[in-house]
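Chain by chain, the residues:
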Amino acid sequence: MNKATTRKVTPIRGSRTTGAKRSEDVRKIRYAVVGLGYIAQNSILPAFAHAKNSELAALVSDDSVKLAKLGKKYDVARRCSYDEYEELLESGAIDAVFIALPNSMHLEFARRAARAGVHVLCEKPMAVTSADCEAMIRAARAGNVKLMIAYRLHFEAGNLAAVELVQSGKLGEPRIFNSEFTMQVRDPENIRLDADLGGGTLYDIGIYCINAARYLFRSEPIEAFARTAANRTEKRFAEVEEMVSAILRFPEDRLAAFTCSFGAADTSSYRVIGTLGDLRVEPAYAHADKIVLAVTLDGRSRKKIYPKRDQFAAELLHFSDCVQSNREPQPSGAEGRNDVRIIEALYASARSGKPVALDLDSPRSRPDIDESIRRPPVAKPKLVRAAGPR
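A few points on the structure. (Residues numbered from 1 in each chain as written. Predicted model: local features only at pLDDT ≥ 70, side-chain atom pairs only at ≥ 80, totals over all residues. Heavy atoms only, no water.)

This paragraph deals with the overall build of the protein. Counting secondary structure elements, the protein contains ten helices and 15 strands. Here the protein has a C-alpha radius of gyration of 20 Å; the compact-globule value for 390 residues is 21 Å, and the two agree. Viewed in the frame of its principal axes, the protein has a C-alpha envelope of about 55 × 55 × 40 Å. Within the span of the protein, comprising 390 residues, buried residues form 56% of the whole. When the accessible surface of the protein is totalled, it reaches about 16800 Å², and 49% of it is carbon and sulfur. A gap of 4 Å separates the mean positions of the 59 positive and 50 negative side-chain charges of the protein. (Helix = DSSP H or I, 4+ residues; strand = E, 2+ residues; numbered from the N terminus. Rg over C-alpha atoms; globule rule 2.2 N^0.38 Å. Buried < 20%, exposed > 50% of the residue type's maximum accessible area, 1.4 Å probe, protein only. Areas by Shrake-Rupley, 256 points an atom, 1.4 Å probe, with all protein chains shown as cover. Lys, Arg positive; Asp, Glu negative; His and termini not counted. Charge placed at Lys NZ, Arg CZ, Asp CG, Glu CD.)

The mixed open sheet is built from nine strands, whose spatial order is E14-E13-E12-E11-E7-E10-E9-E8-E15. At either margin of the open sheet sits one strand with a lone partner, and together these are strand E14 (300–306) and strand E15 (356–357). Docked against the sheet, helix H10 (residues 333–352) engages strand E8 (223–229), strand E9 (243–250), strand E10 (254–261) and E15, running at close to 60 degrees with respect to E8. (Pairing = 2+ DSSP bridges. Contact = heavy atoms within 4.5 Å. Axes fitted to C-alpha atoms, helices over the stretch in contact; angles between N-to-C directions.)

Bringing the nonpolar core into the picture now. Grouped together as the largest cluster of nonpolar side chains are 91 residues, with contacts concentrated most on Val 97, Phe 177, Leu 216, Tyr 270, Leu 279, Tyr 285 and Leu 346. A total of twelve residues in this core trace back to one element, the largest contributor, which is helix H8 (residues 201–217). Those residues in contact with Leu 279 that sit more than four places away from it in its chain are Ala 162, Leu 165, Val 166, Leu 171, Tyr 270, Arg 271, Val 272, Leu 293, Ala 294 and Val 295. In terms of nonpolar packing, the next biggest core, distinct from the first, is built from 31 residues, Phe 48, Leu 70, Val 76 and Leu 317 among them. (Core = buried A, V, L, I, M, F, W, Y, C linked by side-chain atoms within 4.5 Å.)

Further remarks concern the packing of helix H5 (residues 106–115) against helix H6 (residues 130–143). Remark: H5 packs on H6, axes separated minimally by 8 Å, with the N-to-C direction vectors making an angle of 10 degrees. When the axes of H5 and H6 are compared, the pair comes out roughly parallel. For the pair formed by H5 and H6, the contact residues are His 106, Leu 107, Ala 110, Arg 111 and Ala 114 on the first element and Asp 132, Ala 135, Met 136, Ala 139, Ala 140 and Gly 143 on the second. Considered class by class, the residues forming the contact of H5 with H6 number seven nonpolar, two polar and two charged. (Parallel < 35°, antiparallel > 145°, perpendicular 65-115°, else oblique. Nonpolar A, V, L, I, M, F, W, Y, C, P; charged D, E, K, R; others polar.)

Strand order across the open sheet formed by six strands is E3-E2-E1-E4-E5-E6, with parallel pairing between neighbours. Edge strands, defined here as strands with exactly one partner in the open sheet, are strand E3 (78–80) and strand E6 (147–149). The mean inter-strand angle of the sheet, taken between neighbouring strand axes irrespective of direction, is 25 degrees. By the bridge criterion, three bridges tie strand E5 (residues 119–122) to E6 in an arrangement that is parallel. Within E6, the residue paired with Cys 122 across the bridge is Ile 149.

This part is about the environment of Asp 75. One can find Asp 75 in the loop between helix H3 (64–73) and E3. Assessed through its relative accessible area of 69%, Asp 75 is described here as exposed. Each C-alpha atom, one on Asp 75 and one on Ala 58, is 9.7 Å from the other, the two residues being 17 residues apart in sequence.

Applying the stated rule across the entire model yields eleven aromatic pairs. Taking 6.5 Å as the distance between ring centres and 55 degrees as the angle between the ring planes, the aromatic pair formed by Tyr 31 and Phe 319 counts as tilted. Within this pair, whereas Tyr 31 is found in strand E1 (residues 29–34), its partner Phe 319 is found in helix H9 (residues 311–325), the two being separated by 288 residues in sequence. On the accessibility criterion, Tyr 31 (0% relative accessible area) is buried. Since its relative accessible area comes to 0%, Phe 319 is described here as buried. Between Phe 177 and Tyr 270, the aromatic rings sit 5.7 Å apart at their centres with planes inclined by 35 degrees, giving tilted as the arrangement. Placement of the pair is Phe 177 in strand E7 (residues 174–184) and Tyr 270 in strand E11 (residues 263–274), with a sequence separation of 93 residues. Connected via pairs of aromatic rings, a cluster forms that spans Phe 177, Phe 181, Tyr 208, Tyr 270 and Tyr 285. Above the plane of the ring of Phe 109 lies Arg 112, whose end atom (NZ or CZ) is 5.4 Å from the centre. Note that Arg 254 overlies the ring of Phe 217, its terminal NZ or CZ placed 4.9 Å from the centroid. (Phe/Tyr/Trp six-rings, centres within 6.5 Å; stacked < 30°, edge-to-face > 60°. Lys NZ or Arg CZ within 6 Å of the ring centre and 35° of its normal.)

Right, here's the structure in full:
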């Protein structure tokens, strides 16, 4: 019998969508964090302190030093290697996994969890291929478990305020989206530069630009065109491109253009230009900084600053709420699959030199201001045998 049909979780009596007061005695959702690299140590593990419906119950890694030091730091007794993953899934000690592994490993660990009736919260990109994304969706459906992709900005107030402003009509008809997301990735051993692990600029940072264009335009692109700069003269770019510039054509002749790079100074911004005004968000994709929203209407500009928040706690709070109340989480597997399909089309366009047509189903819902979840930032933790994104 599938564990998903036998493991009972007490529903929340009244969710955020009803406005009713949350029950204080509902059992927390117990998580195993799978993979203890930079994003797990810097952001996911500390976030449990601000996610009161979620419990850090297990750690999974093949690094015994990480397991020992982080297990002690966060008071987690259950510590497992990857070889012990199946035993953990079958133990009944966890309700969900937060997968923070290299991109190429997402499918395997998500599918095994779903088969065991364990819910799956997975870092983006969802997978390396759209076929893998489909397999993850099928596995979640067959296992009767929830599947969510960790798009933290779907809960961040500054980005959601930009969505609300575009939808309000104050900018007129939205016509143009422009974005840059660049950084220097200097360490040749960084997984972002390893093609076998699902590295590459589009998978790692370009996906933010793609997703932002989709949620701001509230539609799916119908054509993709891209050019890459390989820069094979530098050893660090032996397997992946240095940068990509892309154009996505949306219905109603709207255009989204962006450039992402692993070989340029730090930038992170997007701009939406409408027939009556424009907005700019900078830094647009940050998880460890304040976000500034600048709006220009009738020649007059104003700015609003959104302070740094714990964006990962917001993901945990939403996903645990969905498990407890038996609601479908958003962003869903369909959201993650669309971004990967677009990435595949952009790389295909770069290879052929021609635009690639897209025919994507729209997800059932898109982020809006009602999804904003604000939790205070966490202090930057000391990392254990983990390097930052540089």
